[in-house]
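For reference, the chains in residue letters:
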Amino acid sequence: MSRIVRAAAIQISPVLGDDGSGTARKVCQSIRDAAEQGVKLAVFPETLLPYYPYFSFIQPAFRFGGEHLALYERAVVVPGPVTGMVAEAARETGTVVVLGVNERDHGTLYNTQIVFDATGEILLKRRKITPTYHERMVWGQGDAAGLKVVDSAAGRIGALACWEHYNPLARYALMTQYEEIHCAQFPGSLVGPIFAEQMEVTIRHHALESGCFVVNATGWLTDEQIGQIAGDPALEGPLRGGCFTAIVSPEGKLLGTPLTEGEGMVIADLDFALITKRKRMMDSVGHYARPELLSLLIDRRPARTVHEYGAVAEAGGVEVLS
């Protein structure tokens with residue numbers, strides 16, 4: 001008998017102008033609202049907490065120093081009070097939650113994806129490996145230590161953010177770990193309609209190639225928020241469009257109607273029998289692979305700025321490199 005999991009891709013706007021706690025409360029309420037509809041997996045947009053750095057897309061770097069510093073002050077420490085709030089909502093409702101945050105690690109910000117299990121436990125914290133274009137002035141680079149698929153109450157989950165989906169080796173790294181549900185996150189309200197069109201192609205292709213479900217969430221900005229961020233009507237255009245919150249089956253089919261405007265949820269029942277149905281025809285890490293011709297090398301060692309010589313191993317008293 002096949003397993004069925006109800007999932008929600010949540011399109012939501014941040015709360016701007018406060019210390020970041022408003023967005024966190026909004027996330028927790030959305031988790032509870034989704035759970036009332038039987039949802040067991042809730043996916044939120046890229047760096048929703050406290051908000052995506054839209055300012056960096058429309059301003060030159062020398063002008064947005066103040067806004068960058070403000071983002072530092074509102075950024076999330078993992079683990080910390082904000083992740084504790086979300087963990088409690090996940091535990092209270094029995095929901096697996098995939099959340100995008102601006103993570104502060106001392107003097108650097110990272111684009112970080114967090115997977116909370118239905119118990120509230122953090123199963124995965126991974127950082128975007130290569131921030132895109134303007135984002136490189138805001139975030140540091142992640143490493144392959146987070147390119148992992150984790151077992152959760154909803155199934156085997158993998159996650160990538162935005163244009164990481166244009167890195168085929170990053171996607172393949174998750175495929176080799178047999179992800180059943182791929183959670184994708186994009187900022188939304190950016191670039192224009194072409195961004196949404198590209199996004200649809202990207203997530204449907206990954207669903208087909210990996211033979212898994214894709215749950216994709218994008219952010220949303222209201223007209224008032226766009227005006228607040230832009231500060232100039234001439235700069236508002238690049239902050240419109242680009243939303244495509246959707247769920248895709250392993251056969252590349254859209255489950256439900258995608259959400260391209262406003263806040264809301266796309267909810268669908270994921271029938272895991274479709275994974276086997278797709279992979280019987282094409283398993284890109286199994287019978288359709290040719291590992292003797294093509295294979296992937298992954299360095300999963302966390303990036304480190306210090307390598308200590310002289311640390312003494314407990315067994316044998318031998319000096320080792322730690």
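Counting of residues starts from 1 at the beginning of each chain's written sequence and follows it residue by residue. Per-residue local features are limited, in this predicted model, to residues with pLDDT of at least 70; the limit for side-chain atom pairs, both in listing and counting, is 80 or more; totals at the level of whole chains, interfaces and linings are taken over all residues. Based on all heavy atoms of the structure, the side-chain values leave hydrogens and waters out of the count.

A. Structural detail: the nonpolar core. Counting residues in each nonpolar core, the largest one holds 31 residues, and the members touching the most others are Y54, F186, I203, V214 and L239. Secondary structure is summarised from DSSP: a helix means a run of H or I of at least four residues, a strand means a run of E of at least two, and numbering begins at the N terminus for each. When residues of this core are assigned to their parent elements, the largest contribution, five residues, is made by helix 6 (residues 193–210). Apart from the residues within four sequence positions on either side, V214 is in contact with H182, A184, I203, H206, A207, A246, I247 and V248. We call a set of buried residues a nonpolar core when its members are Ala, Val, Leu, Ile, Met, Phe, Trp, Tyr or Cys and they connect through side-chain atoms within 4.5 Å of each other. Partly exposed describes any residue whose relative accessible area lies between the buried limit of under 20% and the exposed limit of over 50%, with all areas from a 1.4 Å probe on protein chains only and scaled to the type maximum. Among the nonpolar cores identified, the runner-up in size contains 26 residues, and V43, A118, L259 and L270 belong to it. The criterion used for residue contact is that any of the two residues' heavy atoms lie within 4.5 Å.

B. Quick look at unusual backbone geometry. Of the consecutive residues L49 and P50, the connecting peptide bond is found in the cis state with omega at -10°. The topology assignment puts P50 in the loop between strand 2 (41–43) and helix 2 (55–58). Phi at T47 is positive, roughly 40°, even though this residue is not glycine. Note on T47: relative accessible area 0%, which makes it buried. Although it is not a glycine, V191 adopts a positive phi angle of roughly 75°.

C. Quick look at the pairing of strand 3 (residues 96–105). The buried fraction of strand 3 amounts to eight of the ten residues, a majority that puts the element mostly inside the structure. Whether two strands pair comes down to DSSP finding at least two bridges between them. With three bridges joining them, strand 2 and strand 3 adopt parallel strand pairing. Each bridged residue has a counterpart across the sheet, and for A42 the counterpart in strand 3 is V97. Judged from the nine bridges that link them, strand 3 and strand 4 (residues 108–116) form a sheet pairing that is antiparallel. Each residue of the ladder has a partner; that of V101, found in strand 4, is T112. Hairpin connection between strand 3 and strand 4: a loop of two residues separates the two successive antiparallel strands, and H106 in this loop has a positive phi of roughly 60°.

D. Focus on the layout of surface pockets. The rule is simple: put a 1 Å grid over the protein atoms alone, call a set of points where a 1.4 Å probe fits but cannot get out a cavity, call an open set with protein on both sides within 12 Å along at least five of seven lines a pocket, and count a residue as lining if it has an atom within 4 Å of a point. Grid points are joined across faces, edges and corners, and a volume is the space filled by probe spheres set on the points. The volume enclosed by the largest pocket comes to roughly 260 Å³. The dominant element in the lining of the largest pocket, judged by the number of residues it contributes, is helix 5 (residues 168–175), at five residues. Three categories are distinguished: nonpolar for Ala, Val, Leu, Ile, Met, Phe, Trp, Tyr, Cys and Pro, charged for Asp, Glu, Lys and Arg, and polar for the others, with Gly belonging to the last. In the lining of the largest pocket, the residues fall into ten nonpolar, two polar and three charged.

E. Quick look at the environment of Y51. Along the chain, Y51 falls in the loop between strand 2 and helix 2. If sequence neighbours within four positions are ignored, Y51 has contacts with P14, L16, A70, L71, R74 and N102.

F. Examining the pairing of strand 1 (residues 4–11) more closely. Taking burial as the measure, the eight residues of strand 1 include six buried ones, the bulk of the element. In this sheet, strand 11 (residues 264–271) lies alongside strand 1 in antiparallel orientation, the contact comprising eight bridges. Bridge assignment links V5 to a residue of strand 11, and that residue is L270. Consider the strands pointing away from the viewer: the crossover is right-handed when the path from the first strand over the helix to the second runs clockwise. In terms of handedness, the path from strand 1 via helix 1 (residues 21–35) over to strand 2 forms a crossover that is right-handed.

G. Just the UniProt feature "domain: CN hydrolase" (unreviewed entry) in the protein, in detail. UniProt positions are given in the numbering used here, feature names are shortened, and annotations may be inferred rather than shown by experiment. Mapped onto the present numbering, the UniProt feature "domain: CN hydrolase" (unreviewed entry) falls on residues 5–272. Here residues 5–272 is 28% helix and 25% strand, with 8 Å between the C-alpha atoms at its ends.

H. Representation of empty space enclosed by the protein in the model. Taken as a whole, this structure holds one cavity of 30 Å³ or more when the rule is applied. If you add up the space inside the largest cavity, you get close to 60 Å³. Every residue lining the largest cavity is listed: I12, P14, P45, E46, T47, L48, Y51, Y52, Y54, P187, G219 and W220. When the residues that make up the lining of the largest cavity are grouped by side-chain class, the tally is nine nonpolar, two polar and one charged.

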